[in-house]
Amino acid sequence: MSTLFVRKVAVLGAGVMGAQIAAHLANADIPVVLFDLAAPEGNPDGIVRKALDGLKKLKPAPFGAADRPGLIEPANYNDGLAKLAGCDLVIEAIAEKFEWKEDLYRKIAPHVKPGTLIASNTSGLSINKLAEAMPAAHRPNFCGIHFFNPPRYMALVEIIPCVTSDAAMLDQLETWLTKRLGKGVIRALDTPNFVANRVGVAWLLMVAHHTERLGLAFDEVDALTGARIGLPKSATFRLLDVVGMDTMGHVINTMKNGLPNDPWHRYYGVPAWAQALIAKGAIGQKVGVGVYRREGKLTKVLDLKLGDYRDSAGTVAPEVDAILKIKDPAERLRQLRAASHPQAQLLWAVHRDIFHYCAVHLADIAHSARDVDLAMRWGYGWSRGPFELWQAAGWREVAAMVAEDIAAGQAMASVPLPDWVAKVGDMGGVHGADGSWSASAGRRIARSALPVYARQLAPDRLLGESAVAGRQVWANEGVRVWVRDDVDPGIAILSITTKMHALGRDVILGLREAVALAERDFAGLVIWHEAPFAVGANLKEVAEAVAAGRFDELDGYVAAFQQAAMALRYAGVPTVAAVQGMALGGGCEFAVAATRRVVAFESYIGLVEAGVGLIPAGGGCTYFARRAAALAAQAAYGEPFPFLQNPFMLIAQGQTSGSALEARAMGFLEAADTILFNPHELLYVAIRQARALAEAGYAPPARPNALPVAGRTGIANCEMALVNMRAGNLISDHDYRVARAAAVALCGGEVESGSLVSEQWLLDIERREFVALLKTPETQARIAHMLETGKPLRN
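Residues numbered from 1 in each chain as written. Predicted model: local features only at pLDDT ≥ 70, side-chain atom pairs only at ≥ 80, totals over all residues. Heavy atoms only, no water.

Looking now at the packing of aromatic side chains. Throughout the structure, instances matching the rule amount to 19 aromatic pairs. With a centroid separation of 4.9 Å and 70° between ring planes, the pair formed by Trp-264 and Tyr-357 is classed as edge-to-face. Of this pair, Trp-264 sits in the loop between helix H9 (245-258) and helix H10 (272-279) while Tyr-357 is found in helix H13 (residues 342-365), placing the two residues 93 residues apart along the sequence. Judged by relative accessible area, Trp-264 falls into the buried class, the value being 1%. (Phe/Tyr/Trp six-rings, centres within 6.5 Å; stacked < 30°, edge-to-face > 60°. Helix = DSSP H or I, 4+ residues; strand = E, 2+ residues; numbered from the N terminus. Buried < 20%, exposed > 50% of the residue type's maximum accessible area, 1.4 Å probe, protein only.)

Next up, the structure:
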């Protein structure tokens, strides 16, 4: 298969979606021309420029680094269409009005070079109808490409072919989206709202219907339909506010107008209470009021019984909460069905109805049950898709319960379950080791065989699918050392197995053992596991030792931590850290100690010990002191302190990167490190990196014994900033003490500026300052508060 080279992209439409799609393309180092209408006055590109300014203030941040907006060129349709000739991909993302899109296609067609891919980001309009508006020469390279909001953070992209779409083009586009932008791609059918929005909107309408039927409150239902059942905390009605009532109304109307014969058609309408909000302009988060509204620090919720807003409480009845805590999904669903409490009745009813809906419509909306489940995971943030939930609770039993309710007239639609449901029951469910059920094919079908997916050694696995476990070499209570013989039997893989990958004693011992194993039996070592990479030291272990007064033991613990980090740095074989998600505190220290890093774009890296009244002592301060010395040697003046100012503030304030790009700018990544947009490729690329380093004749760096340090002068310079911050009440006295300890460690202690010290000297200082802080009541209080609440204490 030939490769799709996208050197520049045009995005048509600088609205909410178009501008954010452009931002994420810029995150991936792809130049973008962002178009919109010419401004009626002033700069003709004013509409686009205003949209770009808005992106810089948007939360969550669309851009992964401060320099990314520089890759986006503003343009307008009046005098900028010639710029389309330099683009390899054109993404249309204007409003969901067919006639507007048709008119725009006519305008751009003469300026688009032959072979350019043109795709519509429509959320539900017919791709085949849109293709008819495209000149015939461009139709083979036209399709739908539906991003989900916000495009940076939501994995899902639906590709919707039209009948004239070239098959090779679709494969190339899927490969590019997967590898370059890190997306999870579903090939959708050309039906209203495609896959995720079809199921997701049906779910929202079902919840809204049963909420009204049972007389439940909006905040009450949000407490039920969020994290407690594996959905995002935005749940149902908060999600409506986030999306916008007006936007949701358009999506619902697409289903209403496009699906007149659907058994659920009578429910495809905007509820009366939502219509009233839209009429008043209370359309949700973007205007500050919808189902919810903020009044200062208080959150108010619309109460239909009161006809007004009240304080949001959102409590779950104790008996329902007890059912939701049952671990066995089959028993949990049985008890919800049997319970008389309206909250339990709602939860059973919405699960029953979404199972029913997905079964009836599977053949119409998706190639397989896999596509439905992954679409809901990637596009709506569900921890499991609807078919997975059904299968986990026992396929046959749930099917029988749903069928009973349909026969009794309790379900929202009277259409029976399709015949294939019983056939799948003989297999144990829709998902299995041989693939996922396709209602149109009448059998289970395997995952895509596109070569790009061979890079995903750890894809999102569905319930019933088997994962490749690899061959275990060694393990203890904290880590597992294993190999993927099918990829490279000569590269060992270390995976941390503790909760949240906290770095306790077993992990530290295990890491040192893994390095020794790798040096003896392998060509390299990769540290990899699912996100988070590591949340830092095991605070519970630390707190228990502090409470017992075992400070000598803690000093030894920190020394062992340092030795583990140094073992990674000076191993006789290359070590590669494959980082995704949070790499905080000790996790960051282990990552920077490795020979190389392969880092997922969505990685949040930082030395955050100040939040619990400590400083980095697993080599983190030493890393920045060593780095400053190296940078100073390259500079004309040779002083290390200028290269310590930013690290000092990062450590003193416990700052964390907002992306891998920011991590590089902050100094946590080197120029040779690799940033990947698809986290499922991390293990594959890390193994390849380790092998490449080994084949190139890797030798570890020499351990430095004469590092120039900033000394007393550097400490004094850091203190000047702290004095001003304390005078302005920006920091407390203990914040000052913690930050000064960091300055001492970074600057090499109370020595003359320019003194030459060993690396071990620096490690000893950071460990000494760390243990001294542990002995203070303020730090002990911060640790206790973090363990109790999960939040930092400022004292």
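This paragraph deals with unusual backbone geometry. Here the residue pair Lys-59 and Pro-60 is connected by a cis peptide bond, since its omega of -5° sits within 30 degrees of zero. Examined against the element boundaries, Pro-60 turns out to sit in the loop between helix H2 (46-57) and strand S3 (72-76). The amide bond that connects Asn-149 to the next residue, Pro-150, takes the cis arrangement and shows omega of 0°. Mapped onto the elements of the fold, Pro-150 is located in the loop between strand S6 (142-147) and strand S7 (156-161). At Met-500, a residue that is not glycine, the phi angle is positive and equals roughly 55°. Tracing the backbone shows Met-500 in the loop between strand S17 (491-496) and helix H18 (505-521).

Spatial ordering of the open sheet is given by S3-S2-S1-S4-S5-S6-S7-S8, a layout of eight strands whose pairing is mixed. The open sheet has two edge strands with one neighbour each: S3 and strand S8 (184-187). The mean angle between the axes of side-by-side strands here comes to 25°, regardless of whether they run parallel or antiparallel. Two strands pair when backbone bridges link them, and S7 and S8 are joined in this way by four bridges, in the parallel orientation. The residue bridging Leu-156 from the neighbouring strand is Gly-184, located in S8. Against the sheet, helix H1 (residues 16-27) contacts strand S1 (9-12), strand S2 (32-36), S3, strand S4 (89-92) and S6, and its axis sits at roughly 170° relative to S2. (Pairing = 2+ DSSP bridges. Axes fitted to C-alpha atoms, helices over the stretch in contact; angles between N-to-C directions. Contact = heavy atoms within 4.5 Å.)

Take the nonpolar core next. Counting residues in hydrophobic clusters, the biggest one holds 132 residues, and the most contacted among them are Leu-25, Trp-176, Leu-177 and Phe-668. The residues touching Leu-25, leaving out its near neighbours within four places in the chain, are Val-9, Val-11, Ile-30, Val-32, Ile-91, Trp-176 and Leu-181. Leu-81, Tyr-267, Ile-354 and Trp-382 belong to the second-largest nonpolar core, a separate cluster that totals 121 residues. (Core = buried A, V, L, I, M, F, W, Y, C linked by side-chain atoms within 4.5 Å.)

The next thing to look at is the sheet that holds strand S11 (residues 308-311). The antiparallel open sheet is built from three strands, whose spatial order is S9-S10-S11. Looking along the sheet, the strands with just one partner apiece sit at the ends: strand S9 (292-295) and S11. Mean inter-strand twist for the sheet, computed between neighbouring axes without regard to direction, equals 40°. Here four bridges tie S9 to strand S10 (residues 298-303), and the two strands are oriented antiparallel to one another. Each residue of the ladder has a partner; that of Tyr-292, found in S10, is Val-301.

Glancing now at the packing of helix H6 (residues 196-214) against H13. Packing of H6 against H13 leaves a shortest axis separation of 9 Å and a crossing angle of 150°. Judged by the angle between their axes, H6 and H13 are roughly antiparallel. The crossing of H6 and H13 is right-handed. Here the contact of H6 with H13 is built from residues that sort into 14 nonpolar, five polar and four charged. (Parallel < 35°, antiparallel > 145°, perpendicular 65-115°, else oblique. Left-handed = near helix turned anticlockwise from the far one by under 90°. Nonpolar A, V, L, I, M, F, W, Y, C, P; charged D, E, K, R; others polar.)

Empty space left among the atoms is revealed by rolling a probe the size of a water molecule over them. Inspection of the entire model under this criterion finds five cavities of 30 Å³ or more. The space that makes up the largest cavity amounts to roughly 120 Å³. Forming the boundary of the largest cavity are 14 residues, of which Leu-205, Leu-240, Met-248, Ile-252 and Pro-271 lie nearest the centre. Broken down by secondary-structure element, the contributors of at least two residues to the lining of the largest cavity are H6, H9 and H10. Taken together, the residues of the lining of the largest cavity break down into 13 nonpolar, one polar and no charged. Here the second largest cavity is characterised by a volume of approximately 60 Å³. Around the second largest cavity, the lining residues are Gly-200, Trp-203, Leu-204, Leu-231, Pro-232, Ser-234, Ala-235, Leu-239, Tyr-380 and Trp-382. For the lining of the second largest cavity, the element with the highest residue contribution is H6, accounting for three residues. Of the residues contributing to the lining of the second largest cavity, the split by class is eight nonpolar, two polar and no charged. (1 Å grid on protein atoms, 1.4 Å probe; cavity = no way out; pocket = protein on both sides within 12 Å on 5 of 7 lines; lining within 4 Å. Points joined across faces, edges and corners; volume = space filled by probe spheres on them.)

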